[in-house]
Amino acid sequence: FYDRPKLADSTYDVDNVKRTELLNYTFSETKYTLSSSIYKKLAPGRVLKYGIMADLYDLSYHDSIRVEDDGWWPESNEWTGRGNAEDKAVRQQYDAQYKHTFRENLSANVGVHGTYFSLSNSLSAIEPRLGLKWGLGNGKSLSFGTGLHSQIQSTYLYYYTNPDLIDTKGMEYNKDIDLNKSAHAVLGFNAMLSKNLRFKTETYYQHLFNIPVEAGTSNSFSLINAGSGFSRFFPNELVNEGTGFNYGIEFTLERFFSNNFFYMVTASFYESKYRGSDNIVRNTDFNGNYMFNALGTKEFKVTNNATFGIGANLTYAGGKRYGDVDTLSSVAQKEIVWKDENRNEFRLPDYFRTDVRLTYTVNRPKVSHEIAFDLINVTDRANILNLSWAPGINQGTPFAYSYQIGFLPAFYYKIDF
């Protein structure tokens, strides 16, 4: 934290800037994975595959914040812990699936999956899965998939503590939060319009349940919004009573690489909603409602073994959701805290970014060389990432917008042997 005193002419006194540590944290998470699977052909058109996977987590989380004293954090103030853990955990998973081809244009995949996580003693023993594909002829097909899925929480959340609850709840009051769960259903249509051109569309629905929300209260908080930014959560006591749902439709037009040219265009329209402990349906942080993406590359032959390529990637998407800030709570917690009344009713300006790549490739009998220039966000669009707790940046407010990357030229040289 920096205190920047001002002079009489309202400029900053750069010779007397005071720096005081406000946060002190060290994270370490190491994961070791062991997996094994068996593939067995039972008969023509009948295949069985099954296996197991085990993840060993070696976790170390240490985090503390300096206690505030009348709006300032003097160096003599005490530190308050928000996490202090050295631990290990194991996640075990099994998977079995059977594929049956009934006839040339109809096949089915039937499977089951299971997950156990030792840290919270969470078990999702039977998660059925089903996939169907029906060929319609002339390069067209229908597909359908459904299944039950589960997910562990971000591992730091099992240990992190709201300092205000240490005396009553202890340091690790969320180690027993269960797995997130979701039920999916997807219907797709695929058509080859020509030898090199494919059109695909999918419509989907996802029901989310067992989502952690705050216990013993009624508010908008839900871990379904975790991961929408770079901020960490410091939750109160959680229970797996939240829900949510996503649905939408996606379109893809893809031209496969031929005659030194390819492109792919996608469009997605969707809704993403959730319920916190107050049981009110709200937009999730991710509910931008639409996204468009187009990318393509054209290569030109320079010599018999050298090519020049130019490509571009354009993305346009609905902005991230936000609401009104609870200023008093945000100042107290040194993090953005949103008001419940209109959480995620508003949307930031739409996201737009265009990247351009120029490449020159030389192929030799035993080695190839590639030189490339990447022009990232070539229009220098100022895309807002989020609103951040940033005292001292803007006069009169402890908040400031954080922006995503601006125009950035990059160069690389690659050798393939």
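For the structure itself, consult the block above.
Cut-offs applied
- Residues numbered from 1 in each chain as written.
- Predicted model: local features only at pLDDT ≥ 70, side-chain atom pairs only at ≥ 80, totals over all residues.
- Heavy atoms only, no water.
- Helix = DSSP H or I, 4+ residues; strand = E, 2+ residues; numbered from the N terminus.
- Buried < 20%, exposed > 50% of the residue type's maximum accessible area, 1.4 Å probe, protein only.
- Pairing = 2+ DSSP bridges.
- Salt bridge = Lys/Arg side-chain N within 4 Å of Asp/Glu carboxyl O.
- Polar contact = N/O pair within 3.5 Å; in protein donor to acceptor, adjacent residues only side chain to side chain.
- Contact = heavy atoms within 4.5 Å.

1. Describing unusual backbone geometry
Then, number 1: The residue Asn121 is not glycine, and still its phi comes out positive at about 55°.
Then, number 2: The topology assignment puts Asn121 in the loop between strand S6 (106-117) and strand S7 (122-137).
Then, number 3: The class of Asn121 is exposed, set by a relative accessible area of 56%.
Then, number 4: Even without being glycine, Asn259 reaches a positive phi, approximately 50°.
Then, number 5: Mapped onto the fold, Asn259 is located in the loop between strand S11 (238-258) and strand S12 (261-275).

2. Things to note about the pairing of strand S18 (residues 351-363)
Then, number 1: As paired elements, strand S15 (residues 306-317) and S18 share twelve bridges and run antiparallel to each other. When the bridges of S18 are listed, Tyr316 appears paired with Phe352.
Then, number 2: The pairing of S18 with strand S19 (residues 368-376) spans eight bridges and is antiparallel. By the bridge assignment for S19, Tyr360 is matched with Ile371.

3. Description of the pattern of salt bridges
Then, number 1: In total, this model carries ten salt bridges according to the counting rule given.
Then, number 2: Of the charged contacts, one joins Arg91 and Asp55 as a salt bridge, the two residues approaching to 3.1 Å between their closest N and O atoms. In this pair, Arg91 sits in strand S5 (residues 79-103) while Asp55 sits in strand S4 (residues 46-66), placing the two residues 36 residues apart along the sequence.
Then, number 3: Residue Arg91 is classed as buried on the basis of its relative accessible area of 17%.
Then, number 4: On the basis of relative accessible area, Asp55 is assigned to the buried category, the value being 2%.
Then, number 5: Put simply, Lys175 and Asp87 hold a salt bridge, and the shortest N to O gap is 3.2 Å. In this pair, Lys175 sits in the loop between helix H1 (166-169) and strand S9 (180-192) while Asp87 sits in strand S5, placing the two residues 88 residues apart along the sequence.
Then, number 6: The class for Lys175 is partly exposed, based on a relative accessible area of 23%.
Then, number 7: Since its relative accessible area comes to 23%, Asp87 is described here as partly exposed.

4. Here we look at the side chain of Thr315
Then, number 1: Within the element layout of this structure, Thr315 appears in strand S15.
Then, number 2: Of the polar contacts made by the side chain of Thr315, one reaches the side chain of Asn293; its length is 2.7 Å.
Then, number 3: If we ignore the near neighbours within four places in the chain, the residues touching Thr315 are Phe292, Asn293, Tyr351, Phe352 and Arg353.

All quantities given are derived from atomic positions and should not be read as evidence of function.
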